[in-house]
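Structural description and commentary
Single-letter residue listing:
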Amino acid sequence: MSVLPGSNLPSGPQFTVEAPSGAGPEAVSVGGFPSVSWQRQLAEAIRSPAELLAALNLTPDVATALGSADHEAGQSFATLVPRSFLNRMQPGDPSDPLLLQVLPTEIERQVTAGFVADPVGDAAARRAPGLLQKYHGRALMIATGACAVHCRYCFRREYPYQDEPRQLQDWQPALREIADDSNLTEVILSGGDPLILNDDRLQVLCEAIDAISHVERIRLHTRLPIVLPARVTQGLLTLFTSLRCQAVMVVHANHGNEIVGDCREALQAIVKAGIPVLNQAVLLRNINDTVEALEVLCRRLVNIGVMPYYLHQLDRVQGAAHFEADTALGIQLVKELTTRLPGYAVPKFVQEVAGEASKTAM
Ligand SMILES: *Cc1c(COP(=O)(O)O)cnc(C)c1O
Ligand code: SF4
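Residues numbered from 1 in each chain as written. Chains lettered and ligands numbered in written order. Predicted model: local features only at pLDDT ≥ 70, side-chain atom pairs only at ≥ 80, totals over all residues. Heavy atoms only, no water.

Examining the overall build of the chain
Cut-off, in case you're wondering: Helix and strand definitions here come from DSSP, where helices need a minimum of 4 consecutive H or I residues and strands a minimum of 2 consecutive E residues; each element is numbered from the N-terminal end. Accessibility here uses a 1.4 Å probe with only protein chains present; expressed as a share of the type maximum, an area under 20% marks a residue as buried, one over 50% as exposed, and anything in between as partly exposed. Should any heavy atoms of two residues lie within 4.5 Å, those residues are counted as being in contact. Each accessible area is a Shrake-Rupley estimate made with a 1.4 Å probe; only the visible protein chains count as cover when residues are assessed.
Looking only at helices and strands, the chain has 11 helices and 16 strands in total. Burial status across the chain gives 55% buried among its 362 residues. Here the analysis covers contacts within the chain between residues at least 6 apart in sequence; of these, 79% occur between residues at least 24 apart. Total accessible area computed for the chain in this model is approximately 14,700 Å², and 51% of it derives from carbon and sulfur atoms.

Some details on the site of ligand 2
We count it as follows: A molecule or strand has a residue near it when one of that residue's heavy atoms lies within 4 Å. When residues are grouped by polarity, Ala, Val, Leu, Ile, Met, Phe, Trp, Tyr, Cys and Pro land in nonpolar, Asp, Glu, Lys and Arg in charged, and all others, Gly among them, in polar.
For ligand 2, the full set of nearby residues is C147, V149, H150, C151, C154, G192, R223 and H252. Residues belonging to the shell around ligand 2 are distributed by class as follows: four nonpolar, three polar and one charged.

Topic: helix α11 (residues 327–340)
Threshold: One fewer than the residue count of a helix, multiplied by 1.5 Å, yields its expected span. In this description, the arc belongs to the directions extending from the helix axis to the C-beta atoms.
Here α11 is 14 residues long and its end C-alpha atoms lie 20 Å apart, about the 20 Å a rise of 1.5 Å per residue gives. Within α11 the residues assigned to the buried category are G330, L333, V334 and L337. End-on view of α11: buried residues confined to an arc of 95°, all on one side of the axis. With respect to the buried face of α11, the exposed residues turned more than 90 degrees away are A328, K335 and T339.

Considering the packing of helix α6 (residues 199–210) against helix α8 (residues 234–241)
Defined as follows: Axis definition: a line fitted to C-alpha atoms, over the contacting stretch in the case of helices. Angles run 0 to 180 degrees between N-to-C directions. Geometric relationships in this document are graded by angle, where less than 35 degrees denotes roughly parallel, more than 145 denotes roughly antiparallel, 65 to 115 denotes roughly perpendicular, and other angles denote oblique.
Across the interface, α6 lies against α8 with an axial gap of 11 Å and an inter-helix angle of 5°. With respect to each other, α6 and α8 are oriented roughly parallel. Together, D199, L202, Q203 and C206 of α6 and G235, L236, L239 and F240 of α8 make up the contact between the two elements. Here the contact of α6 with α8 is built from residues that sort into five nonpolar, two polar and one charged.

Focus on the sheet that holds strand β7 (residues 126–128)
Note the following rule: In this scheme, strands are said to pair when DSSP sees at least two bridges between them.
Reading across from one edge, β7-β8-β9-β10-β11-β12-β13-β14-β15-β16 is the order of the 10 strands in this open sheet, with mixed pairing throughout. Looking along the sheet, the strands with just one partner apiece sit at the ends: β7 and β16 (360–361). Relative to β16, strand β15 (residues 348–351) is paired through two bridges, and the arrangement is antiparallel. What sits directly across from Q351, in β16, is T360.

So, unusual backbone geometry
Working note: non-glycine residues mostly have negative phi, and peptide bonds are mostly trans. Here the bond from G191 into G192 is cis, since omega is 15°, no more than 30 degrees from zero. Topologically, G192 is positioned in the loop between β10 (186–190) and α6. In this structure, N57 is a non-glycine residue whose phi angle is positive, near 55°. Of note, N57 is situated in the loop between α2 (49–55) and β5 (63–64). Look at N57 and you get exposed, because its relative accessible area is 63%.

Re the nonpolar core
What counts here: Definition used in this section: a nonpolar core is a set of buried Ala, Val, Leu, Ile, Met, Phe, Trp, Tyr and Cys residues joined via side-chain atoms within 4.5 Å. An automatic or database domain assignment supplies the start and end points of every domain.
Counting residues in hydrophobic clusters, the biggest one holds 98 residues, and the most contacted among them are L52, M89, M141, L189, F240 and L267. If you tally residues by element for this core, the top one is helix α10 (residues 291–302), at six residues. Mapped onto the domain boundaries, this core takes at least three residues apiece from domain 1 (26–109) and domain 2 (123–361). When sequence neighbours within four positions are dropped, the list of residues in contact with M141 reads G130, L131, W171, L175, I178, V187, I188, L189, S190, G191, L205 and I209. A125, L132, L140 and Y161 belong to the second largest nonpolar core, which has seven residues in total.

Section: the packing of aromatic side chains
Our working definition: Pairing of aromatic rings covers Phe, Tyr and the six-membered ring of Trp, with a centre-to-centre limit of 6.5 Å; geometry is then stacked below 30 degrees between planes, edge-to-face above 60, and tilted otherwise.
Under the criterion given, the structure shown has three aromatic pairs. Ring plane angle 75° and centroid distance 5.6 Å describe the contact between Y153 and F323, whose orientation is recorded as edge-to-face. Here the residue Y153 occupies a position in the loop between β9 (138–142) and α5 (172–179), and F323 occupies one in the loop between β14 (307–312) and α11, the gap between them amounting to 170 residues. For the residue pair Y153 and F323, the accessibility class agrees, reading buried in each case.

Re the pattern of salt bridges
Opposite charge on two side chains lets them pair, provided their charged atoms get close. Definition in use: Basic side-chain nitrogens of Lys or Arg form a salt bridge, by our definition, when they fall within 4 Å of a carboxyl oxygen of Asp or Glu.
For the structure on display, the rule yields 21 salt bridges. Measuring nitrogen to oxygen at the nearest pair gives 3.9 Å for the salt bridge that ties D262 to R88. On the criterion of sequence distance, the pair formed by D262 in helix α9 (residues 261–272) and R88 in the loop between α3 (83–86) and α4 (99–102) is long-range, its members being 174 residues apart. Here R88 falls in the buried class, since its relative accessible area comes to 10%.

In structure tokens, the structure reads:
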């Protein structure tokens, strides 16, 4: 295990990255082209607002559609942007829809009434260390607190990851809880981002879940295929297709500009491996709150076999108020999408309401 260089975050499990498992710095991507390993790309990710703005030929004091950069930000939630994601931003555009998702701004520090640390009731849903259950039949494991990107609107930006398991032995209570409840037919690996774990760690965890006979599906909630496509290796795909359980992947892209180049290839490789891939997006002000933006996103996804699943109304986490679009606008946008796209290409507009038995359709 190595601690990410340059991180100014408090040391904790969420800021450690697994050591490469065997693969050297050069690895072969699913496209067959040699590429820098995902671990090295993660180590070389951008870690400050100044670095991010300079890479896009923007001045440090630039004003974006969501406020000016906050160069002090990162005390509690650091800047983190892999270069693959950066490469999909338009240099010179201070309101690039990908930049706005990851650039810390001064407005984040404003306290807004109704925006809280745990907007979705995670604390009340904890069944065992690292295990949340809110809905019938499926439980969610906080596989790691680490992510390859720090989305400024992240609803778990305040989550107390330091309290959650790290080693397989720490997972025993959660695994026992799943084994003892035959109603649990699906286990969701979430986080943070579960694909931050190296293949060996993931395999151990997935095999432990796979060994519980009433579990039928293992679902991954991950943004790595979008922000760090090099993570999608043949080895990773083989790991998931070798399980007894059906693997399902739910990725997270918000804008059509994300679904190009290496990201598009990585998603296609997952689909070709026979793993169903769904996308969840978050409705974000000034980023994807137009019917045109959402239509392009959905079309690019279905064109490579990735099904739009949910469009989430923003979870009201502290520091994210400036990303919120009106619920009424979201309803209107999805209604218009329905007139432009085949039914299967339109995501459901939902909100997570703490204590409800499912996500709430809007
Ligand atoms: C969102 C969520 C799920 C998944 O819900 P689906 O509607 O099945 O996608 C499961 N568990 C928790 C705790 C969740 O927050
Ligand atoms: S990838 Fe998901 S969990 Fe990670 S910072 Fe972004 S929204 Fe949060």
